[in-house]
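# Inside the fold
Listed below are the residues making up each chain.
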Amino acid sequence: NAGVTQTPKFQVLKTGQSMTLQCAQDMNHEYMSWYRQDPGMGLRLIHYSVGAGITDQGEVPNGYNVSRSTTEDFPLRLLSAAPSQTSVYFCASSYLPTGGGGGELFFGEGSRLTVL
Amino acid sequence: DQQVKQNSPSLSVQEGRISILNCDYTNSMFDYFLWYKKYPAEGPTFLISISSIKDKNEDGRFTVFLNKSAKHLSLHIVPSQPGDSAVYFCAASARGSTGNQFYFGTGTSLTVIP
């Protein structure tokens, strides 16, 4: 059982370049989300989705785009990378509802992005 | 503003003793709380959760206590083992329009000394 798979694990970009972080889950979870982890900041929600065709913004959405065309996949796009986007990115999925006693999040192993 | 706070960045405990990790929150609408454990170069993994209708939940060596009036929860690990050395994140969520958002603390790095 693969769970949540993220690719690539490491990426170095130059300022202004674009890239997509891939996330796939095989647990048939309705809910998928992207977090970034920065020193002293914990995990902060970027975007999330409660099903195919439905996405919404989290705490720190600026500079990132997402789409959800299938239940399994939830890619995160950086259209014009900036040094402030240097971070470790985690994709997570869950059954719904997520809060109020619902499912817990299952995380991928993370993608370390450096923007020069 | 940080809605979930872990004020102790690190904690060291002797093997066999109790580890107590603390977490405070500010949003009174939070009604579901979780603890995650994270090893280096891995994603966080779920450890234990508690609903706001309870004040204690136990799972083996791990117990989470919730004090709603103080907006405080704690994770107790007894007895602590070297394999418990990791970063622990506290998280909270609420029903309603933000029910699909989890808010995480900044984490506490636990070191269990053999």
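Residues numbered from 1 in each chain as written. Chains lettered and ligands numbered in written order. Predicted model: local features only at pLDDT ≥ 70, side-chain atom pairs only at ≥ 80, totals over all residues. Heavy atoms only, no water.

## With respect to the overall build of chain B
Worth spelling out the cut-off: Each helix is a run of H or I in the DSSP string that is no shorter than four residues. Each strand is a run of E no shorter than two, and both are numbered from the N terminus. Taken over C-alpha atoms, the radius of gyration is set against a globule rule of 2.2 Å times the number of residues to the power 0.38.
The helix and strand inventory of chain B stands at zero helices and 11 strands. Walking chain B from its N terminus toward its C terminus, one meets helices and strands in the order β-β-β-β-β-β-β-β-β-β-β. For chain B, the C-alpha radius of gyration of 14 Å lies close to 13 Å, the compact-globule estimate for 114 residues. In terms of overall dimensions, chain B has C-alpha extents of about 45 × 30 × 20 Å along its principal axes.

## A short note on the packing of aromatic side chains
Residues and elements named next belong to chain A. Rules: Working definition: a ring pair exists when centres of Phe, Tyr or Trp rings (six-membered ring for Trp) sit within 6.5 Å. Plane angles under 30 degrees give stacked, over 60 give edge-to-face, the rest tilted. To sort residues, take the accessible area from a 1.4 Å probe on protein chains only and compare it with the maximum for the residue type: under 20% means buried, over 50% means exposed, and anything in between is partly exposed.
Counted according to the given criterion, the structure contains 12 aromatic pairs over all chains. Summarising the aromatic geometry, the rings of F90 and F107 are spaced 6.3 Å apart at their centres and angled 85 degrees between planes, so their arrangement reads as edge-to-face. Of this pair, F90 sits in strand β9 (residues 87–94) while F107 sits in strand β10 (residues 106–107), and the two are 17 residues apart along the sequence. For the residue pair F90 and F107, the accessibility class agrees, reading buried in each case.

## Here we look at the sheet that holds strand β6 (residues 56–59) of chain B
All names here are of chain B. In plain terms, the rule: Pairs of strands are assigned from DSSP output, requiring at least two bridges between the strands.
Ordered by their spatial adjacency, five strands build an open sheet running β1-β3-β8-β7-β6, and the pairing between neighbours is antiparallel. Looking at which strands have only one partner, the edges of the open sheet turn out to be β1 (4–5) and β6. As defined by bridge partners, β6 adjoins strand β7 (residues 62–67) across four bridges and the pair is classed as antiparallel. By the bridge assignment, E58 is partnered in β7 with T63.

## A few points about the nonpolar core
Rule in force here: For the purposes of this section, nonpolar cores are sets of buried Ala, Val, Leu, Ile, Met, Phe, Trp, Tyr and Cys residues that join through side-chain atoms within 4.5 Å. Residue contacts are defined here by distance: any two heavy atoms, one from each residue, within 4.5 Å place the two residues in contact.
Counting 25 residues, the largest nonpolar core has V4, F30, F33, W35, L73, L75 and Y88 of chain B as the members making the most contacts within it. Put simply, the parts of the chain that give this core at least two residues each are β3 (19–25), β4 (32–38), β5 (45–51), β7, β8 (72–77), β9 (86–93) and β11 (108–113) of chain B. With four residues, β9 of chain B is the single largest residue contributor to this core. Non-local contacts of F33 of chain B, meaning those with residues more than four positions away in its chain, are made with Y25, I48, S49, I50, S52, L66, L73, A91 and A92 of chain B. Membership of the second largest hydrophobic core comes to 19 residues, among which are L21, M32, V66 and Y89 of chain A.

## Section: the sheet that holds strand β8 (residues 76–78) of chain A
Residues and elements named next belong to chain A. Our working definition: To get an axis, fit a line to the C-alpha atoms, keeping to the stretch in contact for a helix; angles then go from 0 to 180 degrees between the N-to-C directions.
Judged by pairing direction, the sheet is antiparallel, and its four strands sit side by side in the order β1-β3-β8-β7 without closing on themselves. Strands with a single pairing partner mark the edges of an open sheet, and in this sheet they are β1 (4–7) and β7 (64–66). Direction aside, the axes of adjacent strands within the sheet are offset by 20 degrees on average. Sheet analysis places β1 next to strand β3 (residues 19–25), joined by four bridges and oriented antiparallel. Bridging from a neighbouring strand, T5 pairs with A24 of β3.

## Focus: the environment of L110 of chain B
Residue and element names in this part refer to chain B. In this structure, L110 sits in strand β11. For L110 and E15, which are 95 residues apart along the polypeptide, the C-alpha to C-alpha distance reads 12 Å. L110 has contacts with L11, V13, S19, I77, D84, S85, A86 and Y88, leaving out every residue within four places of it along the chain.

## Here's the deal with the pattern of salt bridges
Quick reminder of the rule: By convention in these notes, a salt bridge is any Lys or Arg side-chain nitrogen within 4 Å of a carboxyl oxygen on Asp or Glu.
Applying the stated criterion to the full structure yields five salt bridges over all chains. The shortest N-O distance in the salt bridge between D38 of chain A and R36 of chain A comes to 2.8 Å. For the pair shown, D38 of chain A and R36 of chain A are each scored as buried. With a closest N to O distance of 2.8 Å, R61 of chain B and D84 of chain B form a salt bridge. Of this pair, R61 of chain B sits in the loop between β6 and β7 while D84 of chain B sits in the loop between β8 and β9, placing them 23 residues apart in sequence. Judged by relative accessible area, which is 2%, D84 of chain B ranks as buried. Salt bridges here are not isolated pairs; linked through shared partners, they connect R36, D38 and R44 of chain A.

None of the figures reported here should be taken as evidence of function without further support.
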